[in-house]
Amino acid sequence: MGSGDDRFGIDDTTCSEVPDEEELMTEITDIHLTPSEHQRIKDLVNSPQLDRIKGHDRRYLVAGAGGNTGAATRRKTVYDLLDSRSAPPAVAMQLEDFGLTPEEIRLWTRVFDILCGMATHIVAVIEDFDGGYVWELGLLFAPSYRAKAWVLKRRYPDEETERERYDNGTGASHVELLLTGDHSLEWTGVTELRTVVDEIP
């Protein structure tokens, strides 16, 4: 993964620091949408894609790297495993399922917030803090979402690499809340990743 937003292949290095809860909530409330943007969000939340999600006992929102990367492939593995659960009936979703484009970057945070509210479980697949997707983590600091957030954190074989991948002084205290506790599961490779997914209810 490189810096920038891997979901849409754009270079947005300003997203490389994990925002804290206050910063992200301020960002959400400070967004003043145009009438057309309000309509766009309304259309998204009433789309057939969202209809697919309704009626399931378990609704998993999967966050993490996108694009054509190994990290995105591993995240897709988690998505597919959760989406295939049938007891109870489950469905997985991710922000890019809803067709947002790079030109609609102002809407991403608002739509992600809506999806967090709809999800019964929010699953973040984390391999580093060097991608544009990390702003999504900020919303998970909110107490209302933290309780249903699960973090699947990649563990590296040596401490130096671990520090390099997860060095983020600005958000360290908030990140610590996500990377510790019963809802944080570590993995080293795809086989172990599949195993830890089984621990998510």
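Our subject is the structure listed above.
Summary of the structure given here. Since the model is a prediction, treat every value here as computed from it, not as a measurement.

### A few points about the pattern of salt bridges
When the charged atoms of two side chains with opposite charge come close together, those side chains can pair.
Phase 1 of the analysis: Scanning all chains against the criterion turns up 12 salt bridges.
Phase 2 of the analysis: Of the charged contacts in the structure, one is a salt bridge between Lys 153 and Glu 162, with a shortest N-O distance of 2.3 Å.
Phase 3 of the analysis: Judged by its relative accessible area of 6%, Lys 153 falls in the buried class.
Phase 4 of the analysis: Residue Lys 153 is joined to Glu 186 by a salt bridge in which the shortest nitrogen-to-oxygen separation is 3.3 Å.

### Topic: the packing of aromatic side chains
Phase 1 of the analysis: Enumeration over the complete set of coordinates arrives at 1 aromatic pair.
Phase 2 of the analysis: Both rings, one in Tyr 156 and one in Tyr 166, keep their centres 6.1 Å apart while their planes meet at 55°; by these two values the pair is tilted. In this pair, Tyr 156 sits in the loop between β4 (149–154) and α8 (159–166) while Tyr 166 sits in helix α8, placing the two residues 10 residues apart along the sequence. Comparing Tyr 156 with Tyr 166 shows no difference in burial state: the two are buried.
Phase 3 of the analysis: The ring of Tyr 156 carries the charged tip of Arg 165 above its face, separated from the ring centre by 5.2 Å.

### Here we look at helix α2 (residues 35–45)
Because each turn of an α-helix spans 3.6 residues, side chains separated by three or four positions end up pointing in the same direction.
Phase 1 of the analysis: The set of residues buried in α2 consists of Glu 37, Ile 41 and Leu 44. In a view along the axis of α2, the buried residues occupy a sector of 60°, so they form one face of it. Exposed side chains of α2 directed beyond 90 degrees from the buried face belong to Pro 35 and Ser 36.
Phase 2 of the analysis: Residues of α2 that are buried sit in contact with α3 (48–51) and α5 (105–118).

### Points about the pairing of strand β2 (residues 90–93)
Phase 1 of the analysis: In β2, alternate side chains face the same way, and those of Ala 90 and Ala 92 on one face and Val 91 and Met 93 on the other are all buried.
Phase 2 of the analysis: Note: strand β1 (residues 58–64) against β2, 4 bridges, orientation parallel. Considered in β2, the bridge of Tyr 60 is made with Ala 92.
Phase 3 of the analysis: You can see the chain leave β1, run along helix α4 (residues 70–83) and come back into β2, and the turn it takes is right-handed.

### A word on the side chain of His 121
Phase 1 of the analysis: As for its placement among the helices and strands, His 121 is situated in strand β3 (residues 121–126).
Phase 2 of the analysis: On the accessibility criterion, His 121 (9% relative accessible area) is buried.
Phase 3 of the analysis: Within polar-contact distance, the side chain of His 121 engages the backbone oxygen of Pro 201 at 3.3 Å.
Phase 4 of the analysis: Aside from chain neighbours lying at most four places away, what touches His 121 is Arg 58, Arg 59, Tyr 60, Leu 61, Lys 148, Trp 150, Ile 200 and Pro 201.

### So, the environment of Thr 34
Phase 1 of the analysis: On the secondary structure map, Thr 34 appears in the loop between α1 (21–30) and α2.
Phase 2 of the analysis: A distance of 3.0 Å separates polar atoms of two side chains, one belonging to Thr 34 and the other to Ser 36.

### Re the nonpolar core
Where a protein is soluble and globular, its nonpolar side chains tend to be buried together.
Phase 1 of the analysis: By size, the foremost hydrophobic cluster in this structure holds 32 residues, and its most contacted members are Leu 61 and Leu 115.
Phase 2 of the analysis: The set of elements that each furnish at least two residues to this core consists of α2, β1, β2, α5, β3, β4 and α9 (172–179).
Phase 3 of the analysis: The element that contributes the greatest number of residues to this core is α5, accounting for 6 residues.
Phase 4 of the analysis: Excluding anything up to four places from it in sequence, Leu 115 contacts Leu 50, Leu 61, Met 93, Leu 95 and Phe 98.
Phase 5 of the analysis: In terms of nonpolar packing, the next biggest core, distinct from the first, is built from 17 residues, Val 62, Tyr 79, Val 123 and Leu 152 among them.

### Some thoughts on the pairing of β4
Phase 1 of the analysis: Most of β4 sits out of view: 5 of its 6 residues are buried.
Phase 2 of the analysis: Direction of pairing for β3 relative to β4: parallel, over a ladder of 5 bridges. By the bridge assignment, Ile 126 is partnered in β4 with Lys 153.
Phase 3 of the analysis: When β4 meets strand β5 (residues 184–187), the two strands line up parallel, connected through 4 bridges. Residue Leu 152 lies in a different strand from β5, and its bridge partner there is Leu 185.

Quick notes on the rules
Residues numbered from 1 in each chain as written. Predicted model: local features only at pLDDT ≥ 70, side-chain atom pairs only at ≥ 80, totals over all residues. Heavy atoms only, no water. Salt bridge = Lys/Arg side-chain N within 4 Å of Asp/Glu carboxyl O. Buried < 20%, exposed > 50% of the residue type's maximum accessible area, 1.4 Å probe, protein only. Phe/Tyr/Trp six-rings, centres within 6.5 Å; stacked < 30°, edge-to-face > 60°. Helix = DSSP H or I, 4+ residues; strand = E, 2+ residues; numbered from the N terminus. Lys NZ or Arg CZ within 6 Å of the ring centre and 35° of its normal. Arc of directions from axis to C-beta. Contact = heavy atoms within 4.5 Å. Pairing = 2+ DSSP bridges. Right-handed = clockwise from strand over helix to strand, strands pointing away. Polar contact = N/O pair within 3.5 Å; in protein donor to acceptor, adjacent residues only side chain to side chain. Core = buried A, V, L, I, M, F, W, Y, C linked by side-chain atoms within 4.5 Å.

The quantities given are spatial measurements derived from coordinates; they are silent on function.
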